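Residue-level structure breakdown
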Amino acid sequence: NALVLATHLNNKRGIGLANNNLGDFYWYKYDFVSSEACYKEGLKIFQELNDSVGIADSYRNIAWIYQNKNQYSESLELNKKSLAIN
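A brief structural summary. A quick note: this is a predicted structure, and the numbers were derived from the prediction, not measured. (Residues numbered from 1 in each chain as written. Predicted model: local features only at pLDDT ≥ 70, side-chain atom pairs only at ≥ 80, totals over all residues. Heavy atoms only, no water.)

This part covers the overall build of the chain. Regarding its fold elements, the chain presents five helices and zero strands. In sequence order, the chain lays out its α and β elements as α-α-α-α-α. Here the C-alpha atoms of the chain give a radius of gyration of 13 Å, agreeing with the 12 Å that 2.2 N^0.38 yields for 86 residues. Principal-axis analysis of the C-alpha atoms gives the chain an extent of 40 × 30 × 15 Å. (Helix = DSSP H or I, 4+ residues; strand = E, 2+ residues; numbered from the N terminus. Rg over C-alpha atoms; globule rule 2.2 N^0.38 Å.)

Two aromatic rings, taken as a pair, are described by how far apart their centres are and by the angle between their planes. Tallied over the entire structure, the rule returns four aromatic pairs. Ring geometry for tryptophan 27 and phenylalanine 32: centres 4.8 Å apart, planes at 65°, overall edge-to-face. Of the two residues, tryptophan 27 and phenylalanine 32, both sit in the buried class. Taking 5.8 Å as the distance between ring centres and 45° as the angle between the ring planes, the aromatic pair formed by tryptophan 27 and tryptophan 64 counts as tilted. On the criterion of sequence distance, the pair formed by tryptophan 27 in helix H2 (residues 12-28) and tryptophan 64 in helix H4 (residues 52-68) is long-range, its members being 37 residues apart. Aromatic rings pair up to connect Trp27, Tyr30, Phe32 and Trp64 into one cluster. (Phe/Tyr/Trp six-rings, centres within 6.5 Å; stacked < 30°, edge-to-face > 60°. Buried < 20%, exposed > 50% of the residue type's maximum accessible area, 1.4 Å probe, protein only.)

Okay, the nonpolar core next. Among the nonpolar cores identified, the biggest contains twelve residues, and these are Trp27, Phe32, Tyr39, Leu43, Phe46, Ile55, Tyr59, Ile62, Ala63, Ile65, Tyr66 and Leu78. Breaking this core down by element, the ones donating at least two residues are helix H3 (32-49) and H4. Tallying contributions element by element places H4 first for this core, with six residues. Among all residues touching tryptophan 27, those that are not within four sequence positions of it are Phe32, Ser35, Tyr39, Trp64, Ile65 and Asn68. (Core = buried A, V, L, I, M, F, W, Y, C linked by side-chain atoms within 4.5 Å. Contact = heavy atoms within 4.5 Å.)

The next subject is the environment of alanine 84. Structurally, alanine 84 can be placed in helix H5 (residues 72-85). Counting along the chain gives 26 residues from alanine 84 to serine 58, while the straight-line C-alpha distance between them is 13 Å.

Let's shift gears to the side chain of serine 58. Mapped onto the elements, serine 58 comes out in helix H4. Residue classification places serine 58 among the buried positions, given a relative accessible area of 0%. A distance of 3.2 Å separates the side chain of serine 58 from the side chain of asparagine 20, its partner in a polar contact. Discounting residues that sit within four places of it in the chain, serine 58 has contacts with Asn20, Tyr39, Gly42, Leu43 and Phe46. (Polar contact = N/O pair within 3.5 Å; in protein donor to acceptor, adjacent residues only side chain to side chain.)

Shown next, in the form of structure tokens:
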């Protein structure tokens, strides 16, 4: 899969993108714990790379998780961060 290939190639941005895509996969399967873990791992990588697009996408994705858990203030803060970057 993409995460295995990106890891093998030591492609950090690819690893971040693969984690966000896996987060989406788990989101649509209603596995929000796994989804959140993938999104947060992607965020960590994008922050290491100073990749503003990846960071903004990750913030938005994690905000979905918080919204789903009825943690609206946390969701709002992450959406504001994403919007400020975009």
